[in-house]
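So the chains spell out like this:
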Amino acid sequence: MGFSLIGTVLAIMAVLGFLIGNQRARGLARAGRLHSLPRYHGVFVALWTALPGLLMIILFAVFSTGMINSMVMENGQGGAGDPHMLAVELNKIQLIAEGRMPFQEGMGVSWDSVERMKNLHRNADILALFCVIAVGVVGFLYALRRIRTDFRARQEVERIVRVLLVVASSVSIFITLGIVLSLIFEALRFFAVVPVSDFIFGLQWSPQTAIRADQVGGSGSFGAIPLFAGTLMITGISILVAAPVGLFCAIYLSEFASPNVRGWVKPALEILAGIPTVVYGLFAALIVAPAISDFGGQIGLDIASESALAAGLVMGIMIIPFVSSLSDDVINAVPQAIRDGSLAMGATEAETIRQVVLPAALPGIVGALLLAISRAVGETMIVVMAAGLAANLTANPLQAMTTVTVQIVTLLVGDQEFDSPKTLAAFALGLTLFFVTLILNIVALGVVKRYHEKQ
Amino acid sequence: MVGKNVNYSFETMHLEASQNTTPPRVKMEAKGVDVYYGDKQALEKVDLPVPLNRVTALIGPSGCGKSTFLKCLNRMNDTVVGCRVTGSITLDEEDIHSPTVDVVQLRARVGMVFQKPNPFPKSIYDNIAYGPRIHGMTRDRTELDQIVEESLARAGLWNEVKDRLQEPGTSLSGGQQQRLCIARAIAVNPEVVLMDEPCSALDPIATARIEELIDELCNKYTIIIVTHSMQQAARVSHYTGFFHMGELVEYDHTEAIFTNPQQERTKGYVTGRFG
């Protein structure tokens, strides 16, 4: 594509704009006192040169392909009137035009339309280049004309930069919004087929419906309770493992360990966070789950070879570093002065830690636990490998269970029809999970805030 | 006059000052105290008796070792990595470094107020109740309430905070926070209160308030105060020790130190020629 060329041209123009603006301002400075430093004038000109061009590039990137496609189609084949076939045809033309597929007779597309597409793309690139240069020059001239001794270039630059910052932060917000909206719309399609109450309160999860007439499948029931129960159970077990171990570890590291020990142990712990979850999954499936099962056999308990306990334990190990490393940081951030204050009262170190240091660090520790929980809720691989796929609704951690994320994966793996309830159920699960974690976060923030007020 | 007078005693000070009152009893006494931070010697051969129920001020330029000495008295230096203390320090004639002394007990008897107010991130009430609770000084809530009220009243803070005991200690002003810390220190009923530049972060009005408080408190407690301000030392203390470069240069009645110092260095410092 020609974007790299256009980008280079734009960058060169911006640099030139800076130099010329800077020079012009210096020239004026000899005549009278400038309000702003010359380099602000330079930056002002550069921004006015580059930003309109950048906007132009974005417009072209967003709209040119769509316009070219529609132009190719309305002029060329016309297809059979079927939109699906039309899309396939267009795709072929595109691939051939980009040289990623050899052209053969009898593919259903004519060489004419391929040529036409190539031409249109070339023209669009040239047009884009000229447009960018044109708006760049206009912006440049406009900015240059505004340079005067009393021109407040610094304020102007700061205003533009502020707008850029706002744009940058809105991008992430809008993307989040887009994700949520796409979830909501797909989930609505699901709820058109399956009633909301069945989904939220149903106790049975077996989404294996037949997607073609010749397949055998269940009637399908989409009760999400077993999945959320499984998620809750496995997350709960992992937090039961990670919270005490991680917190004690953090207390040892920050309060008792010598700097030398800390220098070794902390990075070593953080390595745990770097292990791919699939490796944890292997560890859980091949070592922990059989070990638990064997142990159960010895004491006369019937434990499935895939159990929520195994997955939860290993997941707990996985999230220890999240708890320990963050908690260690916040405990370290507690001022030494209040530790000294407590020790000078004749408090023991244990009393100081329990009653002064930990309460002071609590908001950070809650934050660390929350991060750990959200990791655990979102974790998929370990559960697939160690807890199985069976959606059992049970309070017994020794049985196989499954979680929301695992089901989303299994629903979307393999050949799927994108409007069957089975596929759409994944979006409904995703949406529900999103709301659950959202509520979790809000509650936790509330807890932290109330604690802060009390402090 | 060569060197410094090694054996300070209140009897000789009284003879020199020719006062008619009986000399005070010795509450704490340092003999030949050396302190090292790693290889660096911070204090050298300090001998200093601390009089019972009097205010003793330690003055000297920055880095002279006066705060280090103060921290030796309740072994707060224990928490500093690489810090070594030799020599003997006694509290009621018992060596505070002897194995029979529990450092936790020692600190309950020798309380401390720090340079910057350091209230715990708890309510005003819990700040004061912290010490009595950890030392199990009370049997029920009524007794605890009483200790909290008494301590706050003795620190002159009760009237200002009695309606807001559940508010966080950090919501008070700087001067109030420092008085809160003093109240917290005296809530466990210590025998000695160490104050490490307690007014250096405060405005003049809050400072005057604390100085008044020190004056009232010395009836009940033995107070040792480190201060940068010679005026403050002159105003609040009965005895003053002048530290310079890690040694105790001179120790005497406050009046004697400021009006008739025996050592050239003391004279130079109190008259403002260096420091």
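Summarised in this report is the structure supplied together with it.

Parameters at a glance
- Residues numbered from 1 in each chain as written.
- Chains lettered and ligands numbered in written order.
- Predicted model: local features only at pLDDT ≥ 70, side-chain atom pairs only at ≥ 80, totals over all residues.
- Heavy atoms only, no water.
- Contact = heavy atoms within 4.5 Å.
- Polar contact = N/O pair within 3.5 Å; in protein donor to acceptor, adjacent residues only side chain to side chain.
- Helix = DSSP H or I, 4+ residues; strand = E, 2+ residues; numbered from the N terminus.
- Nonpolar A, V, L, I, M, F, W, Y, C, P; charged D, E, K, R; others polar.
- Phe/Tyr/Trp six-rings, centres within 6.5 Å; stacked < 30°, edge-to-face > 60°.
- Buried < 20%, exposed > 50% of the residue type's maximum accessible area, 1.4 Å probe, protein only.
- Pairing = 2+ DSSP bridges.

## Quick look at the interface of chain A and chain B
With 19 residues of chain A at the interface, the matching set in chain B holds 24 residues. The interface formed by chain A and chain B includes four residue pairs in polar contact (both at pLDDT 80 or more). At the level of secondary structure, the elements contributing two or more residues to the side of chain A that touches chain B comprise α11 (336-344), α12 (349-378) and α15 (421-454) of chain A. Here the side of chain A that touches chain B takes seven residues from α11(A), the largest share from any one element. Residues belonging to the side of chain A that touches chain B are distributed by class as follows: eight nonpolar, seven polar and four charged.

## Description of the packing of aromatic side chains
All names here are of chain A. By the definition in use, this model includes twelve aromatic pairs over all chains. Ring geometry for F190 and F199: centres 5.6 Å apart, planes at 75 degrees, overall edge-to-face. Accessibility assignment for this pair places F190 and F199 in one class, buried. Among the aromatic residues, those joined into a ring-pair cluster are F190, F191, F199, W205 and F222.

## Focus on the pairing of strand β10 (residues 247-253) of chain B
Residues and elements named next belong to chain B. Across the seven residues that make up β10, a large majority, six, are buried. In this structure, strand β9 (residues 239-244) lies alongside β10, joined through six bridges in antiparallel fashion. Residue T240 lies in a different strand from β10, and its bridge partner there is D252. Between β9 and the antiparallel strand that follows it, β10, lie two residues; M245 among them carries a positive phi value of about 50 degrees.

## Here we look at the sheet that holds strand β5 (residues 94-95) of chain B
In a beta sheet, neighbouring strands are held together by backbone hydrogen bonds and run either parallel or antiparallel to one another. Residue and element names in this part refer to chain B. What the four strands build is an open sheet, ordered β2-β1-β4-β5; its pairing is antiparallel. On the outer flanks of this sheet lie β2 (40-51) and β5, each paired with one strand and no other. As judged from the eight bridges shared by strand β1 (residues 26-37) and strand β4 (residues 83-91), these two strands associate in the antiparallel manner. Counterpart to Y37 in the pairing with β4 is C83.

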